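Listed below, chain by chain, are the residues.
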Amino acid sequence: MVDVAAHAGVSVGTVSNVLNRPELVAKPTLRRVRASIKALGFVPNAPARQLRGGASRSVGVMVRDIGNPFFTEVLPGIETRLSQEELLLVLCSSSDSVEKEAYYLQILEQHRVPGILITPAGDDISHLVELRRRGIGMVLLDRPGADSQLCAVAVDNVRGGELAGAHLLSLGHRRIGFLNGPSIVRQCADRRKGLDNAVRAAGLDPGEVVTEVTLPALTPREGEAALERLSLRGGPTALFCVNDTVALGALRGLEQRGVGVPHDMAVMGYDDVEFAAALSPSLTSIRQPKHQLGHAAAELLLTDSRGDAGHWHQEIVFQPELIIRASTGASLSRPGR
């Protein structure tokens, strides 16, 4: 910084302002100092600046499964907003492990990140509330927060389950297989609740209409393996998959078994990720506004991590949308199905 100041003919304090508070520097001086920085090849020492300033320029983002395309489509919305503040996104994946989540949270805290966006691996979030109390901004991503002391951005998964159930019931399906994840995952529990709501609204008993198969992981392999636990002959006429990744595996398994979609079995997913429309047949799904979800979460985190006096914990809930494609077909024509 001393060399840059001498080259530009300014004080070291002015160089510091150019690097940290450029809005305070007159534009001609700003251009001159930046030209000197470029000419000298000066690169600021980020760890040293962190030690002096007490906070990192990085923000932690913790998701449950980096292999899930839903999360990879949420990330651009987060990155877009953070980049406007010259903040670096540090991505961690808990792999649905509470222990792994705790490890990464400890690392992020040690690196003094000002805030963390997180999709919790478990239902207990008391440790996240404690981190917030210690001064780390914290926003729940894709999980409601009305029952916590944290900001949250989510999509109404109960409503999404209702849309899926109502769609399949409107086509005449009265035996629905639901390929779901563990009930301790809030999104899975809420989507099942919505499905049951739709069945009851049609005057039917969820216990008679819905056959649920719980998957240990929400992957194509598990979606395909779940078919072994369903009686496809005389069993469900429709499958509702808890996400599009599971639906991908179910479609692959049905094709291998010679079960036609949608004539023999209707299939729908959840999330409406990019590949859903490209599948054959194209996949009916429940669309979540993924980019908006990420952008809104980053915006809330910026406010929360600044500790503004007027800030209060907020919960933003987006509404899902039913996207009908070929995999659910038209109304059933054969009686008794």
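Residues numbered from 1 in each chain as written. Predicted model: local features only at pLDDT ≥ 70, side-chain atom pairs only at ≥ 80, totals over all residues. Heavy atoms only, no water.

In the nomenclature of an unreviewed UniProt entry, the protein chain corresponds to LacI family transcriptional regulator from the organism Nonomuraea deserti.

J.: Can you help me understand the overall build of the protein chain in this one?
T.: When helices and strands are tallied, the protein chain shows 13 helices and 12 strands. For the protein chain, the spread of C-alpha atoms along the three principal axes comes to 85 × 40 × 30 Å. For the protein chain, the proportion of its 337 residues judged to be buried stands at 49%. The contacts of the protein chain with a sequence gap of at least 6 include a subset with a gap of at least 24, amounting to 69%. (Helix = DSSP H or I, 4+ residues; strand = E, 2+ residues; numbered from the N terminus. Buried < 20%, exposed > 50% of the residue type's maximum accessible area, 1.4 Å probe, protein only. Contact = heavy atoms within 4.5 Å.)

J.: Help me out: how do you make sense of the domain arrangement of the protein chain in this one?
T.: Looking at the protein chain, the domain boundaries give domain 1 (1-44), domain 2 (58-155 + 289-319) and domain 3 (157-288). The centre of domain 2, based on its C-alpha atoms, is set 28 Å off from the matching centre of domain 3. Of the residues lining the interface, 15 residues belong to domain 2; the matching set on domain 3 comes to 17 residues. For the domain 2 and domain 3 pair, buried surface summed over both sides reaches about 1400 Å², with 43% attributable to carbon and sulfur atoms. Counting across the interface, domain 2 meets domain 3 through 0 salt bridges. At the surface where domain 2 touches domain 3, the tally comes to 6 residue pairs in polar contact (both at pLDDT 80 or more). Looking at the side of domain 2 that touches domain 3, the element that brings in the most residues is helix α5 (residues 69-84), giving 3 residues. Along the lines of polarity and charge, the residues of the side of domain 2 that touches domain 3 split into 5 nonpolar, 3 polar and 7 charged. (Domains from an automatic or database assignment. Buried area = accessible area lost by both parts, 1.4 Å probe. Salt bridge = Lys/Arg side-chain N within 4 Å of Asp/Glu carboxyl O. Polar contact = N/O pair within 3.5 Å; in protein donor to acceptor, adjacent residues only side chain to side chain. Nonpolar A, V, L, I, M, F, W, Y, C, P; charged D, E, K, R; others polar.)

J.: Can you walk me through a nonpolar patch on the surface in this structure?
T.: Residues M1, V2 and V12 make up a contiguous nonpolar surface patch of about 250 Å² in total accessible area. Structurally, V2 is set in helix α1 (residues 2-8). (Patch = residues over 30% accessible without salt bridge, like charges linked within 9 Å, V, L, I, M, F, W, Y side chains within 5 Å. Areas by Shrake-Rupley, 256 points an atom, 1.4 Å probe, with all protein chains shown as cover.)

J.: For this particular structure, what's the right way to read the side chain of Q288?
T.: The topology assignment puts Q288 in the loop between β10 (285-287) and α13 (290-306). Looking at Q288, the relative accessible area reads 2%, which means it is buried. Within the local environment of Q288, its side chain forms a polar contact with the side chain of D271, the two groups lying 2.6 Å apart. When near neighbours in sequence (up to four residues on either side) are disregarded, Q288 contacts F70, D142, V155, N157, R191, Y270 and D271.

J.: Could you clarify how one ought to interpret helix α8 (residues 157-170) in this entry?
T.: A turn of α-helix holds 3.6 residues, and therefore any two residues three or four places apart point the same way. For α8, built from 14 residues, the straight-helix expectation of 20 Å at 1.5 Å per residue is met to within 8% by its first-to-last C-alpha distance of 20 Å. With 10 of its 14 residues buried, α8 lies for the most part within the structure. N157, V158, G160, G161, L163, A164, G165, H167, L168 and L169 are the residues of α8 that are buried. Sitting at the head of α8, D156 places a side-chain oxygen 3.2 Å from the backbone nitrogen of V158. (Expected span 1.5 Å × (residues − 1).)

J.: What exactly am I supposed to notice about the sheet that holds strand β8 (residues 238-241) here?
T.: Hydrogen bonding along the main chain pairs the strands of a sheet, whether they run parallel or antiparallel. Pairing is parallel in the open sheet, where 4 strands are placed in the order β7-β6-β8-β9. Of all strands in the sheet, those with a lone pairing partner are β7 (210-214) and β9 (266-268), marking the two edges. The sheet shows a mean angle of 20 degrees between the axes of neighbouring strands, taken without regard to direction. Summarising the sheet, β8 and β9 pair through 3 bridges and their orientation is parallel. Bridged to L239 within β9 is V267. Packing against the sheet, α8 makes contact with β6 (176-180), β8 and β9, and its axis sits at approximately 170 degrees to β8. This element, helix α12 (residues 244-256), spans β6, β8 and β9 of the sheet and lies at about 150 degrees to β8. (Pairing = 2+ DSSP bridges. Axes fitted to C-alpha atoms, helices over the stretch in contact; angles between N-to-C directions.)

J.: Any chance you could explain the sheet that holds strand β1 (residues 58-63) here in plain terms?
T.: Spatially, 6 strands are ordered β2-β1-β3-β4-β5-β11 in an open sheet, and the strand pairing comes out parallel. The open sheet has two edge strands, β2 (88-93) and β11 (315-318), and neither has a second partner. Going across the sheet, the axis of each strand differs from the next one's by a mean of 15 degrees, ignoring polarity. Of the strand pairs in this sheet, strand β4 (residues 137-141) and strand β5 (residues 151-155) are connected by 3 bridges, and their pairing is parallel. Note that in β5 the partner of L141 across the bridge is V153. Against the sheet, α13 makes contact with β1, β3 (115-118), β4, β5 and β11, and its axis sits at roughly 160 degrees relative to β4, the strand it touches most.

J.: Would you take a moment to explain the packing of helix α2 (residues 12-20) against helix α3 (residues 27-40) for this structure?
T.: The description of two helices packed together rests on the angle between their axes and the distance between the axes. Where α2 meets α3, the axes come as close as 10 Å, and the angle between the chain directions of the two elements is 90 degrees. What the angle tells us is that α2 and α3 run roughly perpendicular. Only T29, L30, V33, R34 and I37 of α3 make contact with α2, whose side of the interface consists of T14, V15, V18 and L19. (Parallel < 35°, antiparallel > 145°, perpendicular 65-115°, else oblique.)

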